[in-house]
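Listed below, chain by chain, are the residues.
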Amino acid sequence: MAHRVVGKPIGRLDGIEKVSGEARYSGDVTLPGLVWGKTLRSPLPHARILRIDTSRAKALAGVLAVLTARDLPNILVGRRMFDMPLLARDRVRFIGERVAAVAALDPDIAEEALALIDVEYEDLPAVFDPVEAIKDGAPILHDDPGAYEGAPPERPHPNVQSVLRFKLGDVEAGFREADRVFEHTFRTQLAHQGYLEPHAGVVAIDEDGRVQVWASNKMPFRLKELLSLALQLPPAQIRVNLTPIGGDFGGKGSVMDLPLAYHLARATGRPVKMIMRYTEELMAGNPRHPAVITLRTGVDKDGRIVARRVRALFNSGAYAAFKPAPSVNLGGAGMGAGVYRIPHLLIESFCVYSNNIPCGHARSPGEPQMVFAGESHMDMIARELALDPAELRRRNLLRDGDVLANGHHLEHVRAGDTLEAALKASNWSEPKGPWIGRGAAMTHRHIGVGFTNARVRLETDGTVTLSVALPDTGTGAHLVLRQVVAEVLGLPLDEVEIEVVTTDDFTTDSGVGGSRVTHTGGRAAYHAAEKLREQIGAEAARLGAPATSLAAIAQAAAREGRTLEATHFYDAKAHGSVTSFTAQVAEVSVDPQTGQVTVRRFTTAHDVGTIINPIGHQGQIEGGFVQGLGYALMEEVKTEDGRISTLSLGDVKLPTIQDIPPLTTVILEDPVGPGPFNAKAIGEGSISAVAPAIANAVADACGARILDLPITAEKVYFALRAKAKAQAPSVKERQS
Amino acid sequence: MNAFEYRVPRALDEALTVLREYGEDARVVAGGTALVTMMRQQLVRPGCLVSLRDVQGLDRIEAVNGALRLGALVTHREAEVSPLVRERLPVLAETFRRVATIRIRHMATVGGALAHADPNQDPPVTLLALGARVEIRGAGGRRELSLGEFFCDYYETALVPGELVTAVTVPLLSASSGATFLKFLPRSADDYATVAVAATVALEPDGERCREARIALGSVGVTPLRARVAEALLSGQRLGESVLRAVGEAAKGEVDPLSDHRGSAEYKREMTAVMVGRALTQAWEAARRSARGTL
Amino acid sequence: MTRVIRLTVNGTSHDVEVPTYRTLLDCLRYDLGLTGSKEGCGVGVCGACTVLLDGKMISSCIALAVFADGRAVTTVEGLAEDERLHPVQQAFVDSGGFQCGICTPGQVVSAKALLDAIPNPSDAETREWMLGNLCRCTGYYKIIESIRAAAQRSRP
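Since the model is a prediction, treat every value here as computed from it, not as a measurement.

Draft legend 1. Here's a closer look at the overall build of chain A. Along the backbone of chain A there are 19 helices and 27 strands. A globule of 736 residues ought to have a C-alpha radius of gyration of about 27 Å, and chain A, at 27 Å, matches this closely. Its C-alpha atoms give chain A principal-axis dimensions of roughly 105 × 75 × 45 Å. Counting the 736 residues in chain A, one finds 66% classified as buried. Entry remark: accessible area of chain A is about 25,200 Å², with carbon and sulfur atoms responsible for 51%. When the 79 basic and 87 acidic side-chain charges of chain A are each reduced to a single mean position, those positions are 3 Å apart.

The structure is reproduced here in structure tokens:
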């Protein structure tokens, strides 16, 4: 179906302020009398705090306030499970935990003051590995985690934060039916979301005693609720003023340092700005969980999966506070089933306490870990069965009518089509030279759900203003929403403006994340626009002049003291019948002398709904892919015994412009989504299958199977050496 | 960063005087890319910063007596794009080009890089292979050191307090010579080397056998180093698989790498052999072309 | 210790008193109110803080403000002329060379410097020049397209 505005390749017209430098992010906000806050962080992974002396810090010229836990109410914060103190009270549980906070006239003075705070610690035994953390006798981080608000009830070990299960059939019975059973274990690394804007916020208490907040946070209403709890203030006393966000990728949904900024603002009587240095992000942001994942799969003699059991240990670090799901676990654990029909399935996902940096959500939470494991596992099985990995997948792909472990009955399943499209576009079956390999991997991702308020108003100049309280995290969603409204109202795009309002202007919104904004924001905008269109029609009829301009209609209403305006609250329930498949193929070459992996080209195929903004849509695919590329080959926040050694962004190795391979995108557009004009979602579709596609390609190129990320040249080199040694005839044999 | 004094001398003698005045409490800064980063990370807290930006006469690139002389305040970018360097010592221009990003190269200076003495840096490796010498000025006057004498340890040079690097002099290659610089970057394009090799090969009049070779290595010890045992194996040899293998193995034995984010000590050792072999092959080819006059 | 320095920023001369430890980035952002340049990594790697100092790209987060005394600085705010976007800025809008926008000031300042030096760069030249401008959102493909489009547009 052809639309006028939807689907057109217009540029990112929402970007004038961004390219000109006028866009004001939270760190750019300034207020009269603003002062700077900084936090002192624990140098030890697990210790008792014996004594804190802030006197030297307080005496430094330019320091206005120094706070420790003694100065604050005994409040615990979190997103779902509230287990983290604002400042460590008598115990620190990870290197980087906040111990004190300072406000000073500039950030340099504040940091100098931190160095003058004396803290005496007494070491406690610590545990770092999630496998070790759940053994008998492991050091226990929290004396009674079940007592925390929001704590899930099941706790097989005091260091388990939560358990999440996905179940179908009877997995033990399934294994008994299987002809062959395979088991492999995989590990993934600690990885940061890598947004280039570190957490930033400004808190000011205005003359009415209201708390004004500007923050790099993508769910401002939830932030308001969480701040209300953390600050013990009624929600109406807090206003979150939305600012554009310099990258979120799942990591900007918590209160972070804002409660401290508030207490510093109270203590100093001045607005307080706090910006994390990137070193602090790497020590105490809320990065992607590292994982240890074991898959056990039973197949029949035709390679059809009969049973699968998955056990995932996610190393959650010292606090559960950063996980927002009701389960306090990672929903992506469900991807242990992959894109396959599995009659007997048991996935058990454990989020485990350890004396490490507390982890949170990252783009596609839990999925890149799980899909790396699952899709590598499939290729290893294919090899054992002497089957082409594409063929093994074909025999097991989900079909229309299949039911997932979460109860979704799938329709419009295009798993097979998407796989074939990727294979074709990547020249899967073409001959390859030596040390060149191809690997495939697949994933699927549901459409995000949530709730959004949208209001559209006809202005007296005939333009339309769409108001939303959804922050701009960069995805282009605001432009999409404008396009939706313009399409419904039959207007050119430049006659629809968007206004980003504050938390005072609507009652609620679930915010940005989970690939939901095109769906929830889009439907809210769509239905609000429909309502406005009806009002306009009625108004025009009343005026009796059918060809009247919108401006005239608005002005006529204004003369009677009325504004034509419509609001719609859309609460998207889980659309259980539609998902989106991704199939990817990596083609790599391996340098046998060094193990270096070069991605020669990469193909990504997506089964999507109606595309509203093609340039924005493609941008999401490309950005997600390169994040997956980094995760696969180069990124790591290195940690040992709780100490992070990659303390600068330069050490983490985000991909640069010279690290990207040629990318081929194949789109299968199918207008069956729940979003406006049958759109689906794309934000998290392209990241999760990249690492296994590459791992599978490396194995194809040189026989080295890397079971832990990232796939570095060094790992491939030593794997090749081990392989060569294993295959070399023994000395005894040669001699005989 | 801490509060500090800031002095901007206009001439070298004035700079030396200021340094004498502040002693150990002063740090010299040129481009500041290394120093300011360390100050922001609280690793260095000088009482006084002495900026050389206005000191005259230290930013020339000139040909002098069969060598190139680069003033200490020449930036990496200036060295990289200098027509004189590109023409007379292209391997050196290429090496400067590999350092970090253009932004860093616009600020970081030749002298500053040498004084910083990070064994993971690129230019010292090539300078070492080319036999460069460092000019130093201090209260006691002027002295000169070979790079091998100049680098002592991780972040440590032979400079005594109050001394400054003022220039580096780099001999040109002899006739029938080739040189190459290899930076092994297995992870990301913007990084320090896992292993870096600068190799020069000078051929005998027959244009085939090696008269003299030099192999300098970076990122595999506490300073950049010459693999002299490996070099000696090349005398009189023709380029060939077994020679290269032997030389690579010898070089392996001469390095003492630290495990770091760019690779384990064992991997760096293995890659030393691989990269030495590749660098020598390239340098040999370049020498052959030079000998044949078909450069 | 403070110093009074003179900076010419986007053509306008400013006398500013700064502590010696003030970075050029913080001076631009907080003393002069030019918040277009951003702090990302804080160690000169990511490029979000890129400005031109006497026409040359530098990392302003690791340059002290005092280093720029008496010199000319160009920031993203100085690219547009008479309310019209610079061709590079327009190209980024048309080709979608940004998403969240936090790296974008650094990207467009660097891209402008690239096209000033090399009016019709190859993709290889673009990738070499732009190596130090990290982007986490776009994956770089549309940044390369934007620069290509800007080069084509500017061709006489």
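Draft legend 2. Region of interest: the sheet that holds strand S27 (residues 663-669) of chain A. Residue and element names in this part refer to chain A. In space, the four strands of this open sheet follow the order S18-S23-S24-S27, with mixed pairing throughout. Among the strands making up the open sheet, the edge pair consists of strand S18 (436-446) and S27. Between one strand axis and the next, the sheet turns by 15° as a mean value, whatever way the strands run. For strand S24 (residues 597-608) and S27, the ladder comprises seven bridges, and the chain directions are parallel. When the bridges of S27 are listed, phenylalanine 602 appears paired with leucine 663. Across the face of the sheet, helix H15 (residues 614-633) comes into contact with S24 and S27 while running at roughly 140° to S24.

Draft legend 3. Highlighting the domain arrangement of chain C. Residues and elements named next belong to chain C. Under the domain assignment, chain C is made up of domain 1 (2-78) and domain 2 (87-154). Centre-to-centre, using C-alpha coordinates, domain 1 lies 22 Å away from domain 2. Across the contact, 12 residues belong to domain 1 and 13 residues belong to domain 2. Buried surface at the junction of domain 1 and domain 2, both sides included, amounts to about 990 Å², of which 70% is carbon and sulfur. Linking domain 1 to domain 2 there are zero salt bridges. Inspection of the domain 1/domain 2 interface yields three residue pairs in polar contact (both at pLDDT 80 or more). The dominant element in the side of domain 1 that touches domain 2, judged by the number of residues it contributes, is strand S3 (residues 50-53), at three residues.

Draft legend 4. Layout of the interface of chain A and chain C. Taken together, the contact pairs 57 residues of chain A with 46 residues of chain C. Roughly 4,200 Å² is buried in total at the junction of chain A and chain C, and carbon and sulfur atoms are behind 60% of that figure. When residues of chain A are sorted by the area they lose upon contact with chain C, Val19, Leu196 and Ile657 of chain A head the list and together hold 20% of the total. If you look at where chain A meets chain C, you find six salt bridges. For arginine 22 of chain C, the salt bridge goes to aspartate 106 of chain A, with nearest N and O atoms at 3.8 Å. Our count for the chain A to chain C interface comes out at 23 residue pairs in polar contact (both at pLDDT 80 or more). Secondary-structure elements contributing two or more residues to the side of chain A that touches chain C are helix H1 (16-20), helix H3 (107-115), strand S14 (272-275), H15 and helix H16 (649-652) of chain A. At nine residues, H15 of chain A tops the list of elements feeding residues into the side of chain A that touches chain C.

Draft legend 5. A look at the pattern of salt bridges. Residue and element names in this part refer to chain A. Counting across every chain of the model gives 90 salt bridges over all chains. The partner of aspartate 504 in a salt bridge is arginine 210, with the nearest N and O atoms 2.8 Å apart. Within this pair, whereas aspartate 504 is found in the loop between strand S21 (496-500) and helix H13 (517-543), its partner arginine 210 is found in the loop between strand S11 (200-205) and strand S12 (211-215), the two being separated by 294 residues in sequence. The partly exposed category is assigned to aspartate 504, whose relative accessible area is 36%. Here arginine 438 makes a salt bridge to glutamate 587, at a shortest N to O gap of 2.9 Å. Within this pair, whereas arginine 438 is found in strand S18, its partner glutamate 587 is found in strand S23 (residues 579-590), the two being separated by 149 residues in sequence.

Draft legend 6. Fine view of the packing of aromatic side chains. One pass over the structure, following the stated rule, counts 13 aromatic pairs over all chains. Here the aromatic rings of tyrosine 717 of chain A and phenylalanine 718 of chain A are separated by 5.1 Å at their centres, their planes lie at 75°, and the arrangement is edge-to-face. Given the relative accessible area of 11%, tyrosine 717 of chain A is considered buried. Here the aromatic cluster, defined as three or more aromatic residues joined through ring pairs, consists of Tyr717 and Phe718 of chain A together with Phe184 and Tyr267 of chain B.

Draft legend 7. Geometry of the sheet that holds strand S1 (residues 35-41) of chain A. Residue and element names in this part refer to chain A. Taken in spatial order, the seven strands line up as S3-S7-S1-S14-S11-S12-S13 in an open sheet, and their pairing is mixed. Sheet topology places strand S3 (63-68) and strand S13 (238-241) at the edges, where each strand pairs with a single neighbour. Averaged over all neighbouring strand pairs, the angle between strand axes comes to 25°, with direction disregarded. Where S1 lies against strand S7 (residues 98-104), six bridges are found, and the strand directions are antiparallel. Each residue of the ladder has a partner; that of glycine 37, found in S7, is alanine 103. The strands that H3 touches are S1, S3 and S7; relative to S1, the one it contacts most, it runs at about 30°.

Cut-off values and rules
- Sequence order sets the numbering: in each chain, residues are counted from 1 along the sequence as written.
- For naming, the first written chain is A and the first written ligand is 1, with later ones following in the order written.
- Only residues with pLDDT of at least 70 get local features here, since the model is predicted, and only at 80 or more are side-chain atom pairs given and counted; chain-wide, interface and lining totals rely on the full set of residues.
- With hydrogens and water excluded, all non-hydrogen atoms of the structure serve as input to the side-chain values.
- Only DSSP runs of H or I reaching four residues or more are called helices, and only runs of E reaching two or more are called strands; each is numbered from the N terminus.
- Only C-alpha atoms enter the radius of gyration; for comparison, a globular chain is expected to reach 2.2 Å times N to the power 0.38, where N is the number of residues.
- Only protein chains enter the accessibility calculation, which uses a 1.4 Å probe; a residue is then buried when its area is under 20% of its type maximum, exposed when over 50%, and partly exposed in between.
- Only the protein chains shown count as cover for residues, and the accessible areas themselves come from Shrake-Rupley with a 1.4 Å probe.
- Only four residue types enter the tally: Lys and Arg on the positive side, Asp and Glu on the negative side, with His and both chain ends excluded.
- Where a charge lies is defined by one atom per residue type, namely NZ (Lys), CZ (Arg), CG (Asp) and CD (Glu).
- A pair of strands is treated as paired once DSSP finds two or more bridges between them.
- Here an axis means a line fitted to C-alpha atoms, over the contact stretch when the element is a helix, while the angle between two N-to-C directions is reported on a 0 to 180 degree scale.
- Pairs of residues are marked as contacts when any of their non-hydrogen atoms sit within 4.5 Å.
- Each domain span listed reflects an automatic or database assignment of domains.
- Put simply, buried area is how much 1.4 Å-probe accessible surface two parts lose in total, over both of them, once they are put together.
- In what follows, salt bridge is the name for a side-chain nitrogen of Lys or Arg lying within 4 Å of a carboxyl oxygen of Asp or Glu.
- Think of a polar contact as two N or O atoms within 3.5 Å of one another; within protein, one of them needs to be a possible hydrogen donor and the other a possible acceptor, and neighboring residues in sequence only count if both atoms come from side chains.
- Geometry of aromatic contacts follows a simple scheme: Phe, Tyr and Trp rings, the Trp one being its six-membered ring, pair when their centres are within 6.5 Å, and the pair is stacked under 30 degrees between planes, edge-to-face over 60, tilted otherwise.

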